[in-house]
Amino acid sequence: MNRIILIGNGFDLAHGMPTSYGNFINDYWGNKRKEIWNGKYNDKKFEDDNIILDGVPSIPYSEVTTNESEYSKLLTILKHYKAKIKYKNNFLKTLTERNHSLNWVDIEKEYYSLLKKSYKDFSKPRYSITDLNKDFGAIESLLEEYLTKVQKEFSTSFPNTKDKKNFKSLVYNVIYADFKFKEFSESSINQLTEIEFQRVNNYVKDIEEEKISIQDLELSERDIRLYQALIGIKDKRQKIKRILKSDSAPNYFRHRPENILFLNFNYTSTETHYDNPPTDSEFENDISKDVIHIHGVLNNKTDNKIIFGFGDEIDKDYLEIEDLDDNEYLQNIKSMKYLESDSYKRLLDFINSNNYQVFIFGHSCGISDRTLLNTLFEHKNCSSVKPYYRKKDDGTDNYSEMIRNISRNFTDKASMRDKVVNKEYTEALFK
């Protein structure tokens, strides 16, 4: 059996990387403040590819030590001098104003919302799909530049404190932990029960008929316990199943992942800090691991460019978008961009090869990735979906929020209830 480590942005945030869209927007306006007030534009017009200021107030740049966002600091200055920002990039305007009012924004959801408005809203002026894609592309470039800087700083410093070293050790142990069978779907438990029954049944029968003794067999301590537990039991399958689902299962069975796939939805490569599987003398072969950056890698312009867009073909409006017969509307749909690399095909090969369990690390499971997640979660080989949730500073957590999001990626709700691991069997791994 295999394991997939599904990595989202919360994984990077838990490692101390400022990689949220809010971090990105705040950094953008902080840099823009410095650029505007660098002494070159006093009482003059400032203009770049995204914004215009008709007149820059003649004041020196200074660091403002308040808890306000960089955009709020800029607005305070401009309001005092009765100056305003004019936007050439209307998508940047939408992101900034929504982040300013909500302190949170999902760029890809905002894009999809504006994409639908571009053909449904007939008011004037109208945000054309051509302009939307151009503006969205500019944000994509700025985001890639920002994340490149963040990743470079992180890679040279992590782990540099005792807390971060402890956190890394905790995550590492979860990634390479043995399987816990009580977390599996009923069909997977039944399948594993049959495998174990066929493995031991003939030997147990021979022991019961006194054709051989346990001492005649070269058995591990676990198998000795299992054989002893089955001797004299009429329904051995049911006994094996009960043991597999019990807390004492590790005393009788041990299964660890044969292959681990890091399925990274981020553009960063934080998973490289966990790519050295442990060796174990109890197993003949080491754990094999692989990495798929399903949304591409920073600064790769050839075979795995970053994929920035929306990926919900299940959405009721998606067929309507396809029927527009205008390829501009499909330019930033993820499933189209997946075909530009072999990442999606490699993922399909992996999930078709064997049963697997999914560990969710810091991925919200929101609808911007719903098509891929539906394929992953509802696949016949998916035995379990285990969300590791986040503990908040006020003592609450986001487990219920994750479950609600996960449910939207299932069309078969009975399958969801069977596969998704309940809160009692998982834990808060992130803060």
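As shown above, the structure is provided for reference.
About the thresholds
- Residues numbered from 1 in each chain as written.
- Predicted model: local features only at pLDDT ≥ 70, side-chain atom pairs only at ≥ 80, totals over all residues.
- Heavy atoms only, no water.
- Helix = DSSP H or I, 4+ residues; strand = E, 2+ residues; numbered from the N terminus.
- Buried < 20%, exposed > 50% of the residue type's maximum accessible area, 1.4 Å probe, protein only.
- Areas by Shrake-Rupley, 256 points an atom, 1.4 Å probe, with all protein chains shown as cover.
- Lys, Arg positive; Asp, Glu negative; His and termini not counted.
- Charge placed at Lys NZ, Arg CZ, Asp CG, Glu CD.
- Pairing = 2+ DSSP bridges.
- Contact = heavy atoms within 4.5 Å.
- Axes fitted to C-alpha atoms, helices over the stretch in contact; angles between N-to-C directions.
- Patch = residues over 30% accessible without salt bridge, like charges linked within 9 Å, V, L, I, M, F, W, Y side chains within 5 Å.
- Salt bridge = Lys/Arg side-chain N within 4 Å of Asp/Glu carboxyl O.
- Core = buried A, V, L, I, M, F, W, Y, C linked by side-chain atoms within 4.5 Å.
- Phe/Tyr/Trp six-rings, centres within 6.5 Å; stacked < 30°, edge-to-face > 60°.
- Parallel < 35°, antiparallel > 145°, perpendicular 65-115°, else oblique.
- Left-handed = near helix turned anticlockwise from the far one by under 90°.
- Nonpolar A, V, L, I, M, F, W, Y, C, P; charged D, E, K, R; others polar.
- Polar contact = N/O pair within 3.5 Å; in protein donor to acceptor, adjacent residues only side chain to side chain.
- Expected span 1.5 Å × (residues − 1).
- Arc of directions from axis to C-beta.

A. The arrangement of the overall build of the chain in detail. A count of helices and strands for the chain gives 16 helices and nine strands. Dimensions along the principal axes, computed over C-alpha positions, put the chain at roughly 100 × 55 × 40 Å. Burial statistics for the chain: of 431 residues in total, 48% are counted as buried. Roughly 22200 Å² of accessible area belongs to the chain as shown, and the carbon and sulfur atoms make up 46% of that amount. When the 65 positive and 70 negative side-chain charges of the chain are each reduced to one mean point, those points stand 5 Å apart.

B. Seen up close, the sheet that holds strand E2 (residues 46-47). Taken together, three strands build an open sheet; the order of strands is E2-E3-E4 and the sheet is antiparallel. At either end of the open sheet lies a strand with only one pairing partner, and these are E2 and strand E4 (86-87). As paired strands, strand E3 (residues 51-53) and E4 are joined by two bridges and run antiparallel to one another. Residue pairing across strands places Ile51 opposite Tyr87, the latter belonging to E4. In this fold helix H2 (residues 21-36) packs onto E2, E3 and E4, with an angle of close to 40° to the strand it touches most, E3.

C. Spatial organisation of a positive patch on the surface. Residues Lys109, Arg404, Arg408, Lys413 and Arg417 make up a contiguous surface patch of positive charge. Take Arg408: it is sitting in the loop between helix H15 (399-407) and helix H16 (413-419). For Arg408, a relative accessible area of 43% gives the class partly exposed.

D. Spotlight on the sheet that holds strand E9 (residues 428-430). The six strands are arranged E6-E5-E1-E7-E8-E9 in an open sheet whose pairing can be described as parallel. Here the strands that pair on one side only, and so sit at the sheet edges, are strand E6 (288-293) and E9. Averaged over all adjacent pairs, the angle separating strand axes in this sheet is 25°, with direction ignored. Here strand E1 (residues 2-7) runs beside strand E5 (residues 259-264); their pairing, made up of five bridges, is parallel.

E. Inspection of the nonpolar core at higher detail. Grouped together as the largest cluster of nonpolar side chains are 69 residues, with contacts concentrated most on Trp29, Ile51, Ile85, Phe91, Ile107, Ile175 and Phe361. Ignoring any residue separated from it by four or fewer positions in sequence, one finds Phe361 in contact with Ile5, Leu6, Ile7, Gly8, Phe11, Val171, Val174, Ile175, Tyr388, Leu429 and Phe430.

F. Looking closely at the packing of aromatic side chains. Inspection of every chain in the model, using the stated rule, returns 27 aromatic pairs. Pairing Phe24 with Tyr146 gives two aromatic rings, centres 5.9 Å apart and planes at 50°, and the pair type is tilted. A residue pair is termed long-range when its members are at least 10 positions apart, and Phe24 in helix H2 and Tyr146 in helix H6 (residues 129-155) qualify at 122 residues. Relative to Tyr71, the ring of Trp29 has its centre 5.3 Å away and its plane inclined at 50°; by these criteria the two rings are tilted.

G. Up close: the packing of helix H8 (residues 186-208) against helix H10 (residues 236-244). Where H8 meets H10, the closest approach of the two axes is 8 Å, and the angle between their N-to-C directions is 125°. As far as their axial angle goes, H10 and H8 are oblique. The two elements H8 and H10 meet at a crossing, and its hand is right-handed. Broken down by class, the residue content of the contact of H8 with H10 amounts to seven nonpolar, four polar and seven charged.

H. Just the side chain of Thr96, in detail. Secondary-structure assignment places Thr96 in helix H4 (residues 90-102). For Thr96, a relative accessible area of 1% corresponds to the buried category. Here the side chain of Thr96 touches Leu92 through a polar contact of 2.8 Å, landing on its backbone oxygen. In this structure Thr96 touches Ile25, Trp29, Tyr71 and Tyr87, once residues within four positions along its chain are discounted.

I. Molecular detail of helix H7 (residues 162-175). When the terminal C-alpha atoms of H7 are compared, their 20 Å separation across 14 residues agrees well with the 20 Å that a helix rising 1.5 Å per residue should span. Within H7, the full set of buried residues consists of Phe167, Val171, Val174 and Ile175. Taken around the axis of H7, the buried residues stretch over an arc of 100°, which confines them to a single face. As for H7, its buried residues are in contact with E1, helix H1 (9-14), E5, strand E7 (356-361), strand E8 (382-390) and E9.

J. Spotlight on a negative patch on the surface. Taken together, the side chains of Glu313, Glu320, Glu322, Asp323, Asp325 and Asp326 make up a negatively charged region of the molecular surface. Inspection of the secondary structure puts Asp325 in the loop between helix H11 (318-322) and helix H12 (334-337). Residue classification places Asp325 among the exposed positions, given a relative accessible area of 71%.

K. Structural context of unusual backbone geometry. Cis peptide bonds are those with omega within 30 degrees of zero, and the linkage from Phe158 to Pro159 qualifies with -10°. In this fold, Pro159 is placed in the loop between H6 and H7. The phi torsion at Lys82 lies on the positive side, around 55°, for a residue other than glycine. In this fold, Lys82 is placed in the loop between helix H3 (70-80) and E4. Positive phi, normally seen in glycine, also occurs at Asp325, with a value near 55°.

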